[in-house]
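Spelled out, the chains give:
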Amino acid sequence: MKKSVIDTIKKHIEGDFVLEKPKDNSFGHYATPLAFSLAKELRKSPMIIADELCLKFDDEVIFESTTAIKGYINFKLSDDFLNAKTTQAIKDNLNFAKGDKNESILLEYVSANPTGPMHIGHARGAVFGDTLAKVGKHLGYKITTEYYVNDAGNQIEMLGLSVLLAGQDRYTDVKVNWPEEYYRGEYIYDLCDVAKDEFGVEIFNDKSNIPKLSSWGKDKMLELIRANLAMADIEFENFVSEKELFELWDKSYEKLKDRDAVFEQDGKIWLKSSECGDEKDRVVVREDGRPTYLAGDIIYHDDKFQRSYDRYINIWGADHHGYIARVKAAVHFLGYDENKLEVILSQMVALLKGGEPYKMSKRAGNFILMSDVIEEIGSDALRFVFLTKKSDTHLEFDVDLLKQQDSSNPIYYIQYAHARINQIFQKSGKSVDDIIDVNLDNLDEDSRNILFLALILPEVLEDSFESRQLQKLTEYLRNLAASYHQFYNKHKIVGSENEEQLLKLSAMVATSLRVGLSLMGIEAKVKM
RNA sequence: GUCCUCGUAGCUCAGCUGGAUAGAGCACUCGAUUCCUAAUCGAGAGGUCACGCGUUCGAAUCGCGUCGAGGACACCA
């Protein structure tokens, strides 16, 4: 809709201009402060310029009026225009607000180590990534979602060791000497129970079985992670194995050598990342020939860029922030445009329950489990709360507040608005088909405002996605729901003179709520 | 020490490509149900946008500085 307005204005005005929404919507639907910036150039007062410019739009049918107020030029859309948009949107239903962006994007997120269950911090990145993908796809972006499985490296061996020791502790007479570092938590014991059933208790006798237990345990943990994700309706298109990629190390290494991006010193191989904005050079291969974690990411990003997407988005935990520079440096050295790589950081989450810190799960080894929280408050509430805040700011929330089923819980508030509209239709005995062709003319100010609000979903989605700030969508839906609740209390719909018009307007609101909620992965209830 | 993120109502946070009188929710006070679900709505109260300087027609928004909070600074992943 905004696009139609911009295109229309461009017919009459040259150059760029800012189009915004007036604070007070009695002024109009859109406004521009253009006259202020022209004032200097034209040596006239902004008020006079605005008055003159307004006249140019008299003949445009999409505007009911164009008025100059205190230097701002305000555009009010016509009923015909709004009506046409509404009819189409209601017909489109879940396809409303679809876009025609065509860019391809590889979106990598979560990528939690397969050494244990998902905790609440992972869940935030997971929900954010999943929703970003849903919104992006709706806008037409070709998005592939990917999970990078860190199945190489010490931590996998440590998983095997932990299972072995837990098995010895539980099923043998061996007195276990616990090392300084190993995975704690009941889930390791659960895992050793399963290992015992599958392999027999002998598996715990010999340390030479560690590699076998490692690889087996990693697969089990990946299953667990997938199950955790599924609880929040999150699925990935690709899982990429770090271990398998390592076979391609030689190729990536050759590339780096050819580009003079690496050097040897003290028996190690270093990446000259400091030449590309990193603080210092980084080791990629250790003295003993084992590649570092960075080497894995070099291969992975080499692989990603060879698949030639238009853009690459990684969602990482905020603790990886220092890591961005070196990966970008690597991408640059590999001969790709590092500006195509974008990293979104997902900040930590602090959970409260009844005002007190949420109890850590002993099962998990002192983490808060994603599965525990979902069992307690449900997937909808979890998704919602993560989507109300920017991903890169700290988030604190109280699970008890999300369990309350009243106005203090915004998710019910939005769902109630949607349910309410369905109930109104039921009461009226009419269906959407009955009212779709009603003409929305001579609407009062309230009706027109709420209709307009429901119609701007496309620009809200676009803004949310482009700025990677999904809280804008959440905020919008809350506003739309609030406006509708207000409207409902003020206006009787069923049985009123213009019942059909008001039903159509309600159907429009429901459409936007439904599309918005579905993109957030939240159920739009028809009855509560 | 260096770098990031942040500082807005009692609390949790929006707003930040500079724009009209700084917003929402919660909490608090008062009010609304013979009438489409009161899981709702209305009204009230609540602000030095951390502080200072600068940029300009205009700054919560941009720049510099100060103070404060959290985080990152591996040959671990």
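Remember, it's a predicted structure, so these values are computed and weren't measured experimentally.

1. So, the overall build of chain A
Stage number 1. For chain A, the helix and strand inventory stands at 21 helices and 14 strands.
Stage number 2. Its C-alpha atoms put chain A at 85 × 55 × 40 Å along the principal axes.
Stage number 3. The proportion of buried residues among the 528 residues of chain A is 53%.
Stage number 4. For chain A, the proportion of contacts with a sequence separation of at least 24, taken over those separated by at least 6, is 73%.
Stage number 5. If you sum the accessible surface of chain A, you get close to 24,900 Å²; carbon and sulfur atoms cover 47% of it.
Stage number 6. Considering chain A, the positive charge centre built from 67 side chains and the negative charge centre built from 87 side chains are found 2 Å apart.

2. Looking at the packing of helix 18 (residues 445-455) against helix 21 (residues 499-520)
What describes two packed helices is the angle between their axes and the distance between those same axes.
Stage number 1. Look at helix 18 against helix 21: their axes get within 8 Å of each other, and the N-to-C directions meet at 30 degrees. The orientation of helix 18 relative to helix 21 falls into the category roughly parallel. Taken as a pair, helix 18 and helix 21 cross one another with a handedness that is left-handed. Residue-level contacts link Ser447, Ile450, Leu451, Ala454 and Leu455 of helix 18 to Leu502, Leu505, Met508, Val509 and Ser512 of helix 21.

3. Here we look at helix 10 (residues 249-258)
Stage number 1. Turning to helix 10, its buried residues are Trp249, Ser252, Tyr253 and Leu256. Along the axis of helix 10, the buried positions cluster into a sector of 100 degrees, meaning they face one direction only. Along helix 10, the residues that are exposed and aim more than 90 degrees away from the buried face are Asp250, Lys251 and Asp258.
Stage number 2. The secondary structure elements touched by the buried residues of helix 10 are helix 9 (242-245), strand 7 (262-265), strand 8 (268-271), strand 9 (282-285), helix 11 (293-306) and helix 12 (324-333).
Stage number 3. Asp260 sits one or two residues past helix 10 and shows a positive phi near 60 degrees.

4. Examining unusual backbone geometry
Stage number 1. Within the chain, Asp266 stands out as a residue other than glycine whose phi angle is a positive 55 degrees.
Stage number 2. Among the secondary structure elements, Asp266 is positioned in the loop between strand 7 and strand 8.
Stage number 3. A positive phi is found at Arg468, a non-glycine position, where the angle reads about 55 degrees.
Stage number 4. Within the secondary structure, Arg468 sits in the loop between helix 19 (457-466) and helix 20 (471-490).
Stage number 5. The exposure class assigned to Arg468 is buried, which follows from its relative accessible area of 9%.

5. Section: the sheet that holds strand 14 (residues 395-398)
Stage number 1. Judged by pairing direction, the sheet is mixed, and its three strands sit side by side in the order 13-12-14 without closing on themselves. At either end of the open sheet lies a strand with only one pairing partner, and these are strand 13 (356-357) and strand 14.

6. Notes on the layout of surface pockets
Stage number 1. Taken as a whole, the second largest pocket holds about 600 Å³ of empty space.
Stage number 2. Met1, Lys3, Lys98, Pro458 and Glu462 are the residues nearest the centre of the second largest pocket, which is lined by 21 residues in total.
Stage number 3. Elements with a minimum of two residues in the lining of the second largest pocket: helix 1 (2-10), helix 4 (79-92) and helix 19.
Stage number 4. When grouped by side-chain class, the residues that make up the lining of the second largest pocket number eight nonpolar, four polar and nine charged.

7. A few points about the sheet that holds strand 9
Stage number 1. Strands sit in the order 7-8-9 across an open sheet of three strands; the sheet is antiparallel. Two strands lie at the open edges of the sheet, namely strand 7 and strand 9, each paired on one side alone. Each neighbouring strand pair of the sheet contributes to a mean axis angle of 45 degrees, computed without reference to strand direction.
Stage number 2. Sheet topology places strand 8 next to strand 9; three bridges connect them, and they run antiparallel. Note that in strand 9 the partner of Trp270 across the bridge is Val283.
Stage number 3. On top of the sheet, helix 10 reaches strand 7, strand 8 and strand 9; it is set at about 95 degrees to strand 7, its chief contact.

8. Focus: the packing of aromatic side chains
Stage number 1. Evaluation of the coordinates by the stated rule reveals 21 aromatic pairs.
Stage number 2. Pairing Trp249 with Tyr253 gives two aromatic rings, centres 5.5 Å apart and planes at 20 degrees, and the pair type is stacked. Here Trp249 and its partner Tyr253 are both found in helix 10, four residues apart, which amounts to about one turn of the helix. Here Trp249 and Tyr253 have matching classes, each one buried.
Stage number 3. An aromatic cluster is present here, built from Tyr109, Tyr147, Phe236 and Phe239 joined pairwise through their rings.
Stage number 4. Sitting over the ring of Tyr182, Arg184 keeps its end group 4.3 Å from the ring centre.
Stage number 5. Against the face of Tyr488 rests Arg420, its NZ or CZ located 3.6 Å from the ring centre.

9. Description of the confidence of the model for chain A
Low pLDDT means the predicted coordinates in that region are not meant to be read closely.
Stage number 1. Looking at chain A as a whole, its pLDDT mean stands at 89, while 98% of the residues score no less than 70.
Stage number 2. For this predicted complex, the interface score ipTM comes out at 0.89, alongside a pTM of 0.93.

10. Looking at the nonpolar core
Side chains of nonpolar character tend, in soluble globular proteins, to be buried together.
Stage number 1. Ranked by internal contacts, the top residues of the largest apolar core, which has 117 residues, are Leu77, Phe386 and Phe397.
Stage number 2. Discounting residues that sit within four places of it in the chain, Phe397 has contacts with Val349, Ala350, Leu351, Leu352, Ile377, Val385, Phe386 and Leu402.
Stage number 3. Listed in part, the 36 residues of the second largest apolar core include Trp249, Tyr253, Ala330 and Val331.

11. Observations concerning a negative patch on the surface
Stage number 1. Taken together, Asp433, Asp434, Asp437 and Glu500 make up a surface patch of like negative charges.
Stage number 2. Here Asp434 is to be found in helix 17 (residues 432-435).
Stage number 3. When its relative accessible area of 45% is taken as the criterion, Asp434 is described as partly exposed.

12. Quick look at the pairing of strand 10 (residues 311-317)
Stage number 1. In terms of burial, strand 10 is a largely internal element, six of the seven residues being buried.
Stage number 2. Here strand 4 (residues 104-108) runs beside strand 10; their pairing, made up of four bridges, is parallel. By the bridge assignment for strand 10, Ile105 is matched with Arg311.
Stage number 3. Pairing analysis gives six bridges linking strand 10 to strand 11 (residues 341-346), with the strands arranged parallel. Directly across from Trp316, in strand 11, lies its bridge partner Leu345.

The rules we used
- Residues numbered from 1 in each chain as written.
- Chains lettered and ligands numbered in written order.
- Predicted model: local features only at pLDDT ≥ 70, side-chain atom pairs only at ≥ 80, totals over all residues.
- Heavy atoms only, no water.
- Helix = DSSP H or I, 4+ residues; strand = E, 2+ residues; numbered from the N terminus.
- Buried < 20%, exposed > 50% of the residue type's maximum accessible area, 1.4 Å probe, protein only.
- Contact = heavy atoms within 4.5 Å.
- Areas by Shrake-Rupley, 256 points an atom, 1.4 Å probe, with all protein chains shown as cover.
- Lys, Arg positive; Asp, Glu negative; His and termini not counted.
- Charge placed at Lys NZ, Arg CZ, Asp CG, Glu CD.
- Axes fitted to C-alpha atoms, helices over the stretch in contact; angles between N-to-C directions.
- Parallel < 35°, antiparallel > 145°, perpendicular 65-115°, else oblique.
- Left-handed = near helix turned anticlockwise from the far one by under 90°.
- Arc of directions from axis to C-beta.
- Pairing = 2+ DSSP bridges.
- 1 Å grid on protein atoms, 1.4 Å probe; cavity = no way out; pocket = protein on both sides within 12 Å on 5 of 7 lines; lining within 4 Å.
- Points joined across faces, edges and corners; volume = space filled by probe spheres on them.
- Nonpolar A, V, L, I, M, F, W, Y, C, P; charged D, E, K, R; others polar.
- Phe/Tyr/Trp six-rings, centres within 6.5 Å; stacked < 30°, edge-to-face > 60°.
- Lys NZ or Arg CZ within 6 Å of the ring centre and 35° of its normal.
- pLDDT = per-residue confidence, 0-100.
- Core = buried A, V, L, I, M, F, W, Y, C linked by side-chain atoms within 4.5 Å.
- Patch = residues over 30% accessible without salt bridge, like charges linked within 9 Å, V, L, I, M, F, W, Y side chains within 5 Å.
- Salt bridge = Lys/Arg side-chain N within 4 Å of Asp/Glu carboxyl O.

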